[in-house]
Amino acid sequence: MIRAVSAKFITSAPSIKEAPEFGISEVVFLGRSNVGKSSLINALTNHNSLAKSSSTPGKTQLINFFEVGFKNDENDEKFNILFVDLPGFGYAKVAKSMHHEWKRNLDEFLKARTSIKLFVHLIDARHFNLNIDADVSQYLKSFVRADQMIINLYTKADKLNQSERSALLKFDPNGVLVSTLNKKGIDKALERIVSATLGLSNTF
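This is a predicted model, so every value here is computed, not measured.

Cut-off values and rules
Numbers given to residues run from 1 along each chain, matching the order in which its sequence is written. Given that this is a predicted model, residues contribute local features only at a pLDDT of at least 70 and side-chain atom pairs are listed and counted only at 80 or more, while totals for whole chains, interfaces and linings are drawn from all residues. Only hydrogens and water are set aside; all other atoms, that is, all heavy atoms of the structure, feed into the side-chain values. Definition used for salt bridges: Asp or Glu carboxyl oxygen within 4 Å of a side-chain nitrogen of Lys or Arg. Secondary structure elements are taken from DSSP: a helix is a run of H or I of four residues or more, a strand is a run of E of two residues or more, and numbering for both begins at the N terminus. Exposure is judged per residue with a 1.4 Å probe applied to protein chains only, and the accessible area is read against the type maximum: over 50% gives exposed, under 20% gives buried, and values in between give partly exposed. The nonpolar core is taken to be a set of buried Ala, Val, Leu, Ile, Met, Phe, Trp, Tyr and Cys residues, with the residues joined through side-chain atoms within 4.5 Å. In what follows, a contact means two residues having at least one pair of non-hydrogen atoms within 4.5 Å. Any two strands are treated as partners once DSSP identifies two or more bridges connecting them. By this rule the span expected of a helix is its residue count minus one, scaled by 1.5 Å. An arc is given here, and it is the one of the directions from the helix axis to the C-beta atoms.

Turning to the pattern of salt bridges, a few remarks are in order. If charged atoms from side chains of opposite charge come close, those side chains can pair. Per the counting criterion, the structure on display carries 10 salt bridges. Across the pair Arg 113 and Glu 26 runs a salt bridge whose closest N-O atoms are separated by 2.8 Å. In this pair, Arg 113 is assigned in the loop between α2 (96–112) and β5 (116–124) and Glu 26 in strand β2 (residues 26–31), connecting sequence segments 87 residues apart. Given a relative accessible area of 1%, Arg 113 falls into the buried group. Across the pair Asp 124 and Arg 126 runs a salt bridge whose closest N-O atoms are separated by 2.8 Å. Judged by its relative accessible area of 39%, Arg 126 is partly exposed. Several salt bridges converge on common partners, so that one network encompasses Glu 21, Glu 26 and Arg 113.

So, in structure tokens, the structure goes:
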């Protein structure tokens, strides 16, 4: 079993120009505002307040970096991965000029950052087929490199009944359903994230 044994905030940056290189593999978390990104990062790292959530969509404008230490209980191997928390997209009440600046900075960051090994696209399980998420999926696929992967995690899965869960998995058979409320799917999500980041498996 792979588990997080340590986690700490490193720094924040408004763009790739201000983001230092850390020399370890990076996992980027992105999703719509209020999709539960901060709560998921906290659940994956076993910390209650590592990533701060905001009640105001779009308030988080910075790229936040967290260093997470992992341990594989099967062989006692320890390793570090950098979690990168991006500003939520689809935010309301944001000036167009500011919105454009964020998009430009994030586009530059995602395409130029060579240490990124995995993109984790968070999608609200209750609204899994919105155009905005489809656009983001196509956007990521348009530039993802051979040494990178994309994983779809569907948050707030505890809100679904059995038929809704079946419909979601029919829509995306490779998707992982997670709930930070009852912790279901967290271990599976963590295993996939670590395996993909370290290149342990190319198929899920």
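After that view of the structure, there is still more to cover.
On to the nonpolar core, then. Within the largest apolar cluster, 32 residues are counted, with the highest numbers of intra-cluster contacts made by Leu 44, Phe 70, Phe 83, Leu 153 and Ile 193. Elements with a minimum of two residues in this core: β1 (2–13), β2, α1 (37–45), β3 (63–72), β4 (77–85), β5, β6 (149–155) and α5 (186–197). In terms of residue count, the dominant contributor to this core is α5 (6 residues). Apart from residues lying up to four places away in sequence, Leu 44 is in contact with Ala 4, Phe 29, Phe 83, Ile 186, Ala 189, Leu 190 and Ile 193.

In this section: the pairing of β2. Taken across its 6 residues, β2 has 6 buried, putting it largely inside the fold. Side chains of β2 alternate between two faces, with Glu 26, Val 28 and Leu 30 and Val 27, Phe 29 and Gly 31 buried alike. Both β2 and β4 contribute to a ladder of 4 bridges, which runs parallel. Of the residues in β4, the one forming a bridge with Val 27 is Phe 83. In the sheet, β2 pairs with β5 via 6 bridges, with the strands oriented parallel. Note on β5: the bridge partner recorded for Gly 31 is Leu 122.

In this section: helix α3 (residues 131–143). The terminal C-alpha atoms of α3 lie 19 Å apart, and with 13 residues this matches the ideal 18 Å at 1.5 Å per residue to within 8%. Every buried residue of α3 is listed here: Asp 133, Val 136, Ser 137, Leu 140 and Phe 143. For α3, the angular spread of buried residues about the axis comes to 150°, placing them on one side. In α3, the exposed residues that point more than 90 degrees away from the buried face are Asn 131, Asp 135, Gln 138, Lys 141 and Ser 142.

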